[in-house]
Amino acid sequence: MRLLPAMPLLLLALLALGGCNRPSFTTPDKAYQSFLEALRRGDEKTAWSSLSQPTQEALKARAEAAAQASGGAVKADPVAFFFANVPPPAHVTEVSLLREEGDVAEVGVVSSDVKSQVRMVREPSGWKIDLTKSLQQP
């Protein structure tokens, strides 16, 4: 029965390990990494929640337009609409915070030797990916 005194430590270690893969939206770079991890796991719900409110609204409008244009053949489901058209993430080797000013930030992403910048915005629930500029119709 020497195992009994060690049980609280074992339980604490298991709880700490269980929290390692939880999404974090506390910083722009962690929020982007949480988005990537959700995509890799196929967790569309978490990936969708990683997008800013304006981005979600723009995608809802696009999904609705596609559904109307298809005569109902395409379901107006913005989550399915977005993730069906998003390729799997390339092998990301680096995610870094480039700049942060108030509630707006830029995250640098390096994947397969390609560098890109992602706009992030702070919302009440944390940092989110903001694609509204790239979703605007020309």
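Our structure's up above, just so we're on the same page.
What you see is a predicted model; the values in this text were computed from it and never measured. (Residues numbered from 1 in each chain as written. Predicted model: local features only at pLDDT ≥ 70, side-chain atom pairs only at ≥ 80, totals over all residues. Heavy atoms only, no water.)

**A short note on the nonpolar core**
Grouped together as the largest cluster of nonpolar side chains are 22 residues, with contacts concentrated most on Tyr32, Phe35, Leu51, Met120 and Ile129. A per-element tally of this core places helix H2 (residues 28-41) first, with five residues. (Core = buried A, V, L, I, M, F, W, Y, C linked by side-chain atoms within 4.5 Å. Buried < 20%, exposed > 50% of the residue type's maximum accessible area, 1.4 Å probe, protein only. Helix = DSSP H or I, 4+ residues; strand = E, 2+ residues; numbered from the N terminus.)

**Concerning the sheet that holds strand S2 (residues 104-111)**
One open sheet holds the four strands; their spatial order is S1-S2-S3-S4, and the pairing between them is antiparallel. Each edge of the open sheet carries a strand with a single partner, namely strand S1 (92-101) and strand S4 (126-129). The average angle at which neighbouring strand axes cross in this sheet is 30°, direction not considered. Note that S2 and strand S3 (residues 114-123) share eight bridges and pair antiparallel. From the neighbouring strand, Gly108 faces S3, where its bridge partner is Gln117. Across the sheet, H2 is in contact with S1, S2, S3 and S4; its angle to S1 comes to roughly 145°. (Pairing = 2+ DSSP bridges. Axes fitted to C-alpha atoms, helices over the stretch in contact; angles between N-to-C directions. Contact = heavy atoms within 4.5 Å.)

**So, the pattern of salt bridges**
Inspection of every chain in the model, using the stated rule, returns seven salt bridges. Between Asp43 and Arg41 there is a salt bridge, and its shortest N-O distance comes to 3.1 Å. Between Glu100 and Arg122 there is a salt bridge, with its nearest N and O atoms 3.8 Å apart. Of this pair, Glu100 sits in strand S1 while Arg122 sits in strand S3, and the two are 22 residues apart along the sequence. Judged by its relative accessible area of 37%, Arg122 is partly exposed. Residues joined in a network through salt bridges with shared partners are Glu37, Arg40, Arg41 and Asp43. (Salt bridge = Lys/Arg side-chain N within 4 Å of Asp/Glu carboxyl O.)

**A short note on helix H4 (residues 53-69)**
In a regular helix each residue adds 1.5 Å, so 17 residues correspond to 24 Å; H4 covers 24 Å between its end C-alpha atoms and thus fits that length. Looking only at H4, the buried set comprises Thr55, Gln56, Leu59, Ala63 and Ala67. Along H4, the residues classed as buried sweep out an arc of 110° about the axis, all on the same side. Exposed residues pointing more than 90 degrees away from the buried face of H4 are listed as Gln68 and Ala69. Close packing links the buried residues of H4 with helix H3 (44-49), helix H5 (78-84), S4 and helix H6 (132-135). (Expected span 1.5 Å × (residues − 1). Arc of directions from axis to C-beta.)

**Regarding the environment of Pro28**
If you trace the backbone, Pro28 turns up in helix H2. Setting aside residues no more than four positions away along its own chain, Pro28 makes contact with Leu97, Glu100, Ala105, Val107, Met120 and Trp127.

**Let's talk about the side chain of Ser111**
You can see Ser111 is positioned in strand S2. Ser111 gets classed as buried once you look at its relative accessible area, which sits at 15%. Aside from chain neighbours lying at most four places away, what touches Ser111 is Ala90, His91, Val92 and Thr93.

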